[in-house]
Amino acid sequence: MNYWNETPLFRFLVFFICGILLAIYFPCLSLRISLTVCGLLISLIYFQFIFRKKLDYYKRRWITGALSYVIVFLTGYALSVLVAEKNYPAHFRNMNHPSAFVGYLQEPIKEKSKSCKTVLKIFTVKENGEWKESTGNCLAYFFKDSESSALKYGDLIAFSICPDEVPVASNPSQFDYKSWLGFNQVFDQVYFPAGKWKLIDHHYGNGLYDYSYSLRSKLLEVFRTNYITGQDYAVLSALILGYEDEIDSEIINAYAASGALHVLSVSGLHVGIIFVAINFFLGFLNRSRKTRLIKSIIIILFLWFYALLTGLSPSVLRSATMLSFIVIGQMTRSHTNLYNTLAASAFFLLGINPFLIMQVGFQLSYMAVLGIIFLQPSIQGMWEPSWWLPRQVWSLTSVSIAAQIATFPLGLFYFHQFPVYFLLSNLIVIPISTVIIYGGIILLIISGWHMGALVVGILTGDVIHFMNESVLFIEKLPCSIISGISITVFESWTLYVCIGTLLLFLAVKRQQYLVISVLSVACLCGSQVLEAIRINQQRQLVVYSVNGKSVTNIIDGKENFIKTDTGMLAARSMMLFNIYHYWWDCGMDESKVTSIQDSTAHQGNYCYYRDFLKYGNFRIAFVSDTNLLYKFTGKTEVDFLILSSNVKTKLKNLSEHFVFKHLIIDSSNSPRKAERLVNEAKKVGVSAYSVPHEGAFVYHLSRE
């Protein structure tokens, strides 16, 4: 099969995506220029077609193809610029000193321990005493009380607090929440204390969304009232309705470690299971062209309603779009190339929202399906069991292997881990989750029959509990997950080139593909050698930004030293969010770290005594108590003076006891205390760094 020639939509999609990525990372062209060039190229193609006989069009048809690719590329670029709301003059952040805002809730409230979170769609702003139409989304946090907890999608509120720009990640290699929100057209955030906002009206959003969220709340209540509780309820809600707010971190980590996390997010698997059921029950409509049309319309409407009900995640959008194209193809009984169908669904979604390309779920979803389409038939053909059960097990195994091959570079890049027992977990989880999905749907259908719903609810809950326990068991198996893997964007792309060209070589036996694959391996090896050199030469001091905590880290080659309290070291989730990702990027193993404690006098290359640390030629003093200032007479020379725990002192007192090059105010100090110390330092000409305001302090130490 000549994949390239038989998949024109796939070819155009590559150039379309390249145009989108150029607009995101290198916005070098204006919208006007890109649209003008597109218009000129379209005119050139039209001119070439009109005079095709005189221009010998057949011999020069490659020119039309090349121009078409450029047009698609520029279209992707222009569309990305056009969709970006922050570029609009009417965006509320582009207004001059707005004093009041009106907007509605774009999604249901998510309750946290001390606040309620949602996204506001702002459409009216008061500027210079005059109300003006506006646009823009804003992340909103409400003080948690009875009023804020009662808010629903579409509620219209007014407020006067001006939103602030979402801050950048405060630690190196930390998840870039600001960029993630930006790709979802959210650039600002606001916090509302009690009484600082006013509810104006209800049901102001999209009526279809309003109905969908309301229906989902009623369906969730059906699960609750039929003895499905705790994490069994949380998993069922995520499986069927895409409601993930109540899943705890232990279950999420277990599913991630076992390679079955995709089950907890409504995806192509769930949509496919429901599609099979609907297609089966409507099989009686296959009798004529007219009844097939009715069947297709019903299936498509149900698929999109289910997508809306589950929150329109990228994987669900992809599945619903692709299945819609397949259903249309079945209705017309025309041959459909799955690669073109997959590309058509991507074109459709990216045409609506180009920034979907930056969502991890979108990337994983499409790569998984692409891998299954291309690899699964070949993998399954390696063995053909004669018995039904081994045949089904091998079929499921081949799908898991194909999807894992296609997605593991993305998994390494985004999640820094590889689940060793993914085959075992998928063999257990996928069949059981299918039973759970059908059981949950039956429960929703017969919810009016109390006795029947009760029985189905109890049985479904038991099955969910068994699945959760199975996943927890797999997570605890020896070496269940390889974590701490860190690869760069270049290395992830190189991995895909290596895998793709090797698979193409095996498929079409062309030598050039094998050569490219070998060169890709060489590039990976070279990149790893350079990385090893960088790691061996690294030497740095890092003071992390962890709210209310003092965390100081020294990294020297492969050696790793940290000074913090034992509670911080024991809080894996906090360490994972703030620190581990940077350690992995620095080639560190989080299990091999030396904790600097008061009891430690000397070890390796450092000496620590009474809040003084000498590491090589560098001296660091930690001041968390004013009593330290009186431990020594005279002035002590240090390179770094680190203040913590809201120490009650003034800069003048510090200068009487220390001669220092760098003053660092760590994140265990309050922002107000840090600001006061910084202002004092400015007055006397001393350089001070505030971790609460500026994020982590990273200093590359010399090796002199």
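Residues numbered from 1 in each chain as written. Predicted model: local features only at pLDDT ≥ 70, side-chain atom pairs only at ≥ 80, totals over all residues. Heavy atoms only, no water.

K.L.:
Outline the overall build of the chain, supporting the account with residue identities and numerical values.
P.N.:
Per the secondary structure count, the chain includes 24 helices and 23 strands. Taking 27 Å as the expected radius of gyration for a compact globule of 704 residues, we find that the chain reaches 29 Å, a close match to that expectation. Its C-alpha atoms put the chain at 100 × 65 × 65 Å along the principal axes. For the chain, buried positions account for 46% of its 704 residues. (Helix = DSSP H or I, 4+ residues; strand = E, 2+ residues; numbered from the N terminus. Rg over C-alpha atoms; globule rule 2.2 N^0.38 Å. Buried < 20%, exposed > 50% of the residue type's maximum accessible area, 1.4 Å probe, protein only.)

K.L.:
So what's going on with the pattern of salt bridges? Which residues, and what values?
P.N.:
This structure, assessed with the given rule, holds 13 salt bridges. The partner of Glu-531 in a salt bridge is Arg-534, and the shortest N-O contact between them spans 2.6 Å. Taken as a pair, Glu-531 and Arg-534 lie in helix α19 (residues 511–537) at a separation of 3 residues, close to a single helical turn. Overall, the relative accessible area of 23% leaves Glu-531 in the partly exposed class. Taking relative accessible area as the criterion, Arg-534 reaches 36% and is therefore assigned partly exposed. (Salt bridge = Lys/Arg side-chain N within 4 Å of Asp/Glu carboxyl O.)

K.L.:
Run through the sheet that holds strand β13 (residues 552–556), naming residues and quoting values.
P.N.:
Here we have 5 strands laid out as an open sheet, ordered β15-β14-β13-β12-β23, and mixed in their pairing. Edge positions in the open sheet fall to β15 (594–595) and β23 (697–700), since each of these has one partner strand only. The pairing of β13 with strand β14 (residues 559–563) spans 5 bridges and is antiparallel. Residue Ile-554 lies in a different strand from β14, and its bridge partner there is Phe-561. (Pairing = 2+ DSSP bridges.)

K.L.:
Describe the packing of helix α2 (residues 8–25) against helix α13 (residues 338–352), listing the residues and the values that go with them.
P.N.:
Two numbers describe how α2 lies on α13: the axes approach to 8 Å, and their chain directions differ by 30°. When the axis of α2 is compared with that of α13, the two are roughly parallel. The way α2 lies across α13 gives a crossing that is left-handed. Within the contact between the two elements, α2 uses Pro-8, Leu-9, Phe-10, Phe-12, Leu-13, Phe-16, Ile-17 and Ile-20 and α13 uses Tyr-339, Asn-340, Ala-343, Ala-344, Ala-346, Phe-347, Leu-350 and Gly-351. (Axes fitted to C-alpha atoms, helices over the stretch in contact; angles between N-to-C directions. Parallel < 35°, antiparallel > 145°, perpendicular 65-115°, else oblique. Left-handed = near helix turned anticlockwise from the far one by under 90°. Contact = heavy atoms within 4.5 Å.)

K.L.:
Outline the packing of aromatic side chains, listing residues and values.
P.N.:
For the structure shown, the criterion picks out 35 aromatic pairs. Measuring from centroid to centroid gives 5.9 Å for Tyr-177 and Trp-180, while their planes differ by 10°, and the two rings are stacked. With Tyr-177 and Trp-180 both in helix α6 (residues 177–183) and 3 residues apart, the pair spans about one turn of that helix. Note on Tyr-177: relative accessible area 26%, which makes it partly exposed. Taking the centre distance of 6.2 Å and the plane angle of 35° together, the rings of Tyr-209 and Tyr-213 count as tilted. Of this pair, Tyr-209 and Tyr-213 are both found in helix α7 (residues 207–224), 4 residues apart, which corresponds to roughly one turn of the helix. Tyr-209 gets classed as partly exposed once you look at its relative accessible area, which sits at 29%. By the ring-pair criterion, three or more aromatic residues cluster together here, those being Phe-92, Phe-101, Phe-142, Phe-159, Phe-192 and Trp-197. Here the basic side chain of Lys-563 rests over the ring of Phe-622, its NZ or CZ set 4.7 Å away from the ring centre. (Phe/Tyr/Trp six-rings, centres within 6.5 Å; stacked < 30°, edge-to-face > 60°. Lys NZ or Arg CZ within 6 Å of the ring centre and 35° of its normal.)

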